[in-house]
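Chain by chain, the residues:
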Amino acid sequence: MANSDLLLEMKDITKIFPGVVALDRANLEVKRGEVHALVGENGAGKSTMIKILTGAYIRDAGTVIFDNEEVNFETPLLAQAKGISTIYQEINLVPLRSVAENIMMEHEPTRYGLINRRKLNAEARRLLTQIGIEIDVTKPLMDYNIAIQQMTAIARAISFKSKMVVMDEPTSSLDDQEVETLFESIRRLRADDVSVIFITHRLDELFEICDRITIMRDGKIIETTDMGSISKLELVSKMLGKDLGEIQKGGATSFSAPASRQIGENLLEANNLESSPDLVDVSLNVHAGEIVGLAGLLGAGRTETARVIFGADPIQTGEMRLKGERVRFDSPRDAIDAGIGYCAEDRKADGIVPLLSVRDNLTLALLPMLTRSGIIKREQQKEIVEKFIAMLGIKTSSADQLIRELSGGNQQKVLLARWLCMNPELLILDEPTRGIDIGAKGEIQKIISNLADEGVGVLMLTSEIEELTEGSNRVVVMRDRRTVEEFDLEEISQDGIMTAMAHGEAAEQLQEVAQ
Amino acid sequence: MTTSEQTAVKVERSNFGERFQKVRTYGMVIVLLLLVGFNIFRIYRVVSTNETIVENGNVTEAFVQALNSALNVNLTQVATIVIVAVGMTFVIATGGIDLSVGAIMAIAGQLAPLIFMGPIAERFGMAFANVLAIVVPIIIAGIFGLFNGLMVTKLKFQPIIATLIVFIGGRGIAQVLTNGYLQFFKNPDFQYIALGRPLGIPTQVYIMFIVVLVAWYVMRSTSFGQYVLAVGGNEKAARLAGVPVDKVKTAVYVISGALAGIAGLIVVAINSASDANLNGMLIELDAIAATAVGGTPLSGGQASILGTFLGALLIQMVKFTLLSIGVPYEFALVVNAGIILIAVYVQTKRTA
């Protein structure tokens, strides 16, 4: 065979969902015994690619060659039988059964038709030792931490004589030491000539454990290369689709000029917030009338920061001040009452209540101020709803229309209106323009600018680098669950932000690349 | 293209579901009216062909009397189910379920005679004891609901498990209250809640209507009603919009418990006896069926109080009609199952 060093070859894979091309002639080649990274931002197509490989999705076009044989898995079980195991972030094992039973499930050693428990345990122990773990395999799986549970899943993969193990964000809930244990077992897998496809959002991990890398963006393969021949900065710029040293043209967004804004008093001050394991050390502040951009790659901790400030998740250490006074929010309601609004990133999961009308969604947070002894003041509600439908240009047949029937952009406007009608002092917007069409995008950017002009402090979380550079008065960059760098208005540049997103002391490297 | 074909099919299906949904509300009313009409006709035939009545010449009088009694029988039988089903609708609208309503009915039913037959009546007089015998059991029933709610919100138990605990334990408590003995009594003042006939209509029917109307108003016009739907429709989003999710969830179980308490009192008042073994037995299933038939999806986020009322009436009328034309009870059960099946089928069509 010509390409016998290749274990997996996915060629021209295309997958179309209604209205979206999830994969556009994507190619992925994985060699025998290598750890291959698959990276890309949200919606790049990584998961779709993996799901097609393992038979969870059926491809629309393209071929998959695994171990010199064209394959067409219809279910993940068939893929497993051929030697492809998948380990998801959420462990799909049985927590109440013992470690050994989990490893040997469906191929337990039997004697006279009964499970041979001694052999079962011995075999499980042997498999775990192989990846460097020595634990009591007779205890229930749930007695162990997530790292051990993942090792169990890996041992299970080995027990199936898997030739390939796919790991989808295995480290997202592990602490540093657990990650090290996981990497040790990955190295042992590699030594045994098993290939690993490794998906993560933590850049440092890629460089530590991976041999080669495939970068995806918008359903396409951008590049496949050796890990050693790419810098973190190049990697980030390729994931985001922004060339290094590209001259900033401006005008890609509809924000008003940040310099024209009147900056007021210090509204929010967050000092050294910690919320383990999601956030390690976060400090930032927002003034009245300014837009602060919060930048960072997926997994850097942006959404977690927003949630912690809004009282949706608890803070372990650190302090928050609102207009200088120390505050503590135990629930979103506390934050709302203090004049803060939060538009969540995932509109469908955290934003809309799909079976309620535009009206009811719009006034959901305002209700306590719209009622007298618990009864909704309909006249006043109608006035407010009509005002905001007109003001934001929400396209809906009537206020009674169910919100789920609206387009994404109009849903987003309703959610913005949910907070605007509260007259907030501080608004946290998490990816306010994601997943909506260009026209609506511009409108929303204008609305955000107007808010700042009216004196509202805006903390804007966005993955679109133009929104950061053109819309923000300041940009705070997060990396690996920490705020790492802050850019004032005159310092804001795409390269600088990307460098900070990739790694800290990279000013030199940027110059290197620019040369 | 396969994908476009698939979407086309999906769109067609959801239209089908929505069409069906509209048809269902009107359909329920039409079927109800047909059943009522059929029964009026049937009663008239029975009366007008009865020789004794015809000989006495009082056909009209006898017909009115027969109609009145048929109406009262149906409303009386359906009242407790409707009252419990209204509470169930609140719970189901938040995405929960309440299996404990029957057991809570039994507890409330045991408590009332204990109060008006006990030392309180002797010391403070019967009138006071009767008021306590109504108020205290309803409060205790609400406390059991509170216990359900706290298990669901604080201990994060699945609603079906949390309320199953009270389902099992509650009936035990009800039996322990009287050492398992039945309590027989004759207390016209207390029993007025079931046996009274203001304007010729049983008191419990008034109670039923009041419960339905208040619940309908609460769902429609109060922030609490909105919160119930928001919690059931998208709990995470509701929390981020400042909805006090835990309080709302707890409250619906308290409401369901208290309404079950009222129903439990009505049952013992009708029977002149309290039976911890039978009071409210299996009523949770009738209540869930009425809610489902009435168009409230078991996944939460939507609620139709009037639908639940119509659903309970429909199930009752079908049962009554079948039994009165001589269809065996067992067969009537099968027909009821069929109604629920159709109703839930329509529901899944719509949400799919």
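From a predicted model like this one, the values you see are computed outputs, not experimental measurements.

About the criteria used
- Residues numbered from 1 in each chain as written.
- Chains lettered and ligands numbered in written order.
- Predicted model: local features only at pLDDT ≥ 70, side-chain atom pairs only at ≥ 80, totals over all residues.
- Helix = DSSP H or I, 4+ residues; strand = E, 2+ residues; numbered from the N terminus.
- Rg over C-alpha atoms; globule rule 2.2 N^0.38 Å.
- Contact = placed C-beta atoms within 7 Å.
- Buried ≥ 20, exposed ≤ 12 C-beta atoms within 10 Å, placed from the backbone.
- Pairing = 2+ DSSP bridges.
- Axes fitted to C-alpha atoms, helices over the stretch in contact; angles between N-to-C directions.
- Domains from an automatic or database assignment.
- Nonpolar A, V, L, I, M, F, W, Y, C, P; charged D, E, K, R; others polar.
- Expected span 1.5 Å × (residues − 1).
- Arc of directions from axis to C-beta.
- Parallel < 35°, antiparallel > 145°, perpendicular 65-115°, else oblique.
- Core = buried A, V, L, I, M, F, W, Y, C linked by C-beta atoms within 7 Å.
- Left-handed = near helix turned anticlockwise from the far one by under 90°.
- pLDDT = per-residue confidence, 0-100.

> What is the right way to look at the overall build of chain B in this model?
The number of helices and strands found in chain B is 15 helices and two strands. Taking 2.2 N^0.38 as the reference for a compact globule, 352 residues should give roughly 20 Å; the C-alpha atoms of chain B span a radius of gyration of 22 Å, in line with that estimate. Overall, chain B is about 75 × 55 × 35 Å in size when its C-alpha atoms are taken along their principal axes. Sequence-distant contacts in chain B: of pairs separated by 6 or more residues, those separated by 24 or more amount to 76%.

> It is not clear to me how the overall build of chain A should be interpreted in this structure. Could you clarify?
Along chain A, the regular secondary structure elements total 18 helices and 24 strands. Over its C-alpha trace chain A gives a radius of gyration of 25 Å, about what one expects of a compact globule, namely 24 Å for 515 residues. A principal-axis box enclosing the C-alpha atoms of chain A has dimensions of 75 × 60 × 45 Å. Of all 515 residues assigned to chain A, the portion counted as buried reaches 47%. For chain A, the proportion of contacts with a sequence separation of at least 24, taken over those separated by at least 6, is 69%.

> Please explain the sheet that holds strand E10 (residues 195-199) of chain A as it appears in this structure.
Consider a sheet: its strands pair through backbone hydrogen bonds, and that pairing is either parallel or antiparallel. Residue and element names in this part refer to chain A. Ordered in space as E6-E9-E10-E3-E11-E12, the six strands form an open sheet in which the pairing is mixed. Single-partner strands in this sheet number two, and they are strand E6 (84-87) and strand E12 (220-226). If you compare each strand with its neighbour and ignore which way they point, the axes differ by 20° on average. One ladder, built from six bridges, connects strand E11 (residues 212-217) with E12; its direction is antiparallel.

> I'm lost on the domain arrangement of chain A in this one. Help?
Often, the extent of an interface is quoted as the loss of accessible area upon association of its parts. Residues and elements named next belong to chain A. With domains assigned, chain A is organised as domain 1 (6-230) and domain 2 (258-514). Tallying the contact residues gives eight residues for domain 1 and seven residues for domain 2. Taken together, the residues of the side of domain 1 that touches domain 2 break down into one nonpolar, four polar and three charged.

> Explain the interface of chain A and chain B to me, please; I cannot follow it from the model alone.
In this complex, chain A contributes 26 residues to the contact, which on the side of chain B involves 22 residues. Elements with a contribution of two residues or more to the side of chain A that touches chain B: helix H10 (332-337), helix H11 (347-351) and strand E20 (375-376) of chain A. Residues of the side of chain A that touches chain B, tallied by class, amount to 19 nonpolar, three polar and four charged.

> What should I look at first to understand the environment of A:Ile103 in this one?
As for its position among the elements, A:Ile103 is in helix H3 (residues 99-104). Once residues within four sequence positions are removed from consideration, A:Ile103 is found in contact with A:Ala124, A:Leu127, A:Thr152, A:Ala155, A:Arg156 and A:Ser159.

> Would you mind showing me how to read helix H10 (residues 223-233) of chain B here?
Two residues of an α-helix separated by three or four positions point the same way, owing to the 3.6 residues in each turn. Most of H10(B) sits inside the fold, with 11 of its 11 residues counted as buried. Among the residues making up H10(B), those that are buried are B:Ser223, B:Phe224, B:Gly225, B:Gln226, B:Tyr227, B:Val228, B:Leu229, B:Ala230, B:Val231, B:Gly232 and B:Gly233.

> Hey, could you run me through helix H6 (residues 176-191) of chain A in this one?
Residues and elements named next belong to chain A. Between its first and last C-alpha atoms H6 spans 23 Å; for 16 residues at 1.5 Å apiece the expected length is 22 Å, and the two agree. Among the residues making up H6, those that are buried are Leu182, Ser185, Ile186 and Leu189. All buried residues of H6 project into a common sector of 105° when viewed along the axis, lining one side. Exposed residues pointing more than 90 degrees away from the buried face of H6 are listed as Asp176, Gln177, Glu180 and Ala191. Close packing links the buried residues of H6 with strand E3 (35-39), helix H5 (146-159), strand E9 (164-168), E10 and helix H7 (203-209). Looking one or two places after H6, you find Asp193, whose phi comes out positive at around 70°.

> Please explain unusual backbone geometry as it appears in this structure.
Most peptide bonds adopt trans geometry, and most residues besides glycine take a negative phi value. Residue and element names in this part refer to chain A. Even without being glycine, Asp218 reaches a positive phi, approximately 50°. Turning to its location among the elements, Asp218 is positioned in the loop between E11 and E12. Although it is not a glycine, Ser373 sits at a positive phi angle of roughly 40°. Among the structural elements, Ser373 can be located in the loop between strand E19 (371-372) and E20.

> Would you mind going over the environment of B:Ala141 with me for this structure?
All names here are of chain B. With respect to the element layout, Ala141 can be found in helix H6 (residues 126-153). A residue is classified by how many C-beta atoms lie within 10 Å of it, and Ala141, with 32 of them, is buried. In this structure the C-alpha to C-alpha distance between Ala141 and Thr52, which are 89 residues apart in sequence, comes to 50 Å. In this view, Ala141 contacts Ile104, Ile107, Ala108, Gly257, Ala258, Ala260, Gly261 and Gly264; residues no more than four positions away in its chain are not counted.

> Can you walk me through the pairing of strand E18 (residues 340-343) of chain A in this structure?
Successive residues of a regular strand alternate their side chains across the two faces of the sheet. Residue and element names in this part refer to chain A. With burial as the criterion, each face of E18 is covered, one bearing Ile340 and Tyr342 and the other bearing Gly341 and Cys343. Relative to strand E21 (residues 426-430), E18 is paired through four bridges, and the arrangement is parallel. Within E21, the residue paired with Cys343 across the bridge is Leu429.

> It is not clear to me how the packing of helix H3 (residues 59-93) of chain B against helix H12 (residues 245-271) of chain B should be interpreted in this structure. Could you clarify?
All names here are of chain B. Where H3 contacts H12, the two axes come as close as 8 Å, and the packing angle between them is 175°. Judged by the angle between their axes, H3 and H12 are roughly antiparallel. Here Ala79, Thr80, Ile83, Val84, Val86, Gly87, Met88, Phe90 and Val91 of H3 lie close against H12, whose contacting residues are Val252, Tyr253, Ile255, Ser256, Leu259, Ala260, Ile262, Ala263, Ile266 and Val267.

> Is there a simple way to explain the nonpolar core in this structure?
Proteins that are soluble and globular tend to have nonpolar side chains buried together. Judged by nonpolar contacts, the single largest core of 240 residues is most densely connected at A:Val458, B:Ile83 and B:Val84. Looking at this core, the element that brings in the most residues is H12(B), giving 16 residues. Taken domain by domain, the makeup of this core includes at least three residues from each of domain 1 (6-230) and domain 2 (258-514) of chain A. Here B:Ile83 is in contact with B:Ile207, B:Met208, B:Val211, B:Leu259, B:Ile262 and B:Ala263, once residues within four sequence places are set aside.

> Sorry if this is basic, but what is going on with the packing of helix H8 (residues 232-240) of chain A against helix H17 (residues 494-502) of chain A here?
Pairs of packed helices are described in terms of their axes, by the angle between the two and the distance that separates them. Residue and element names in this part refer to chain A. Contact pair H8 / H17: the axes reach a minimum separation of 9 Å and the direction vectors enclose 115°. One element, H8, and the other, H17, form an angle in the roughly perpendicular class. With respect to the hand of their crossing, H8 and H17 are arranged in right-handed fashion. Mapping the contact onto sequence places Lys232, Leu233, Leu235, Val236, Ser237 and Leu240 in H8 and Met498, Thr499, Met501 and Ala502 in H17.

> Please clarify how the confidence of the model for chain B should be interpreted in this entry.
All names here are of chain B. When pLDDT is averaged across chain B, the result is 86; 91% of the residues are at 70 or more. Helix H1 (residues 2-48) is the least confidently modelled element of chain B, averaging 64 in pLDDT, while H12 averages 96, the highest of any element. A low-confidence stretch, residues 1-18 stays under pLDDT 50, and its non-local contacts, those more than four residues away or across chains, total 10 contacts. Two summary scores accompany this predicted model of the complex, namely pTM at 0.74 and ipTM at 0.82.

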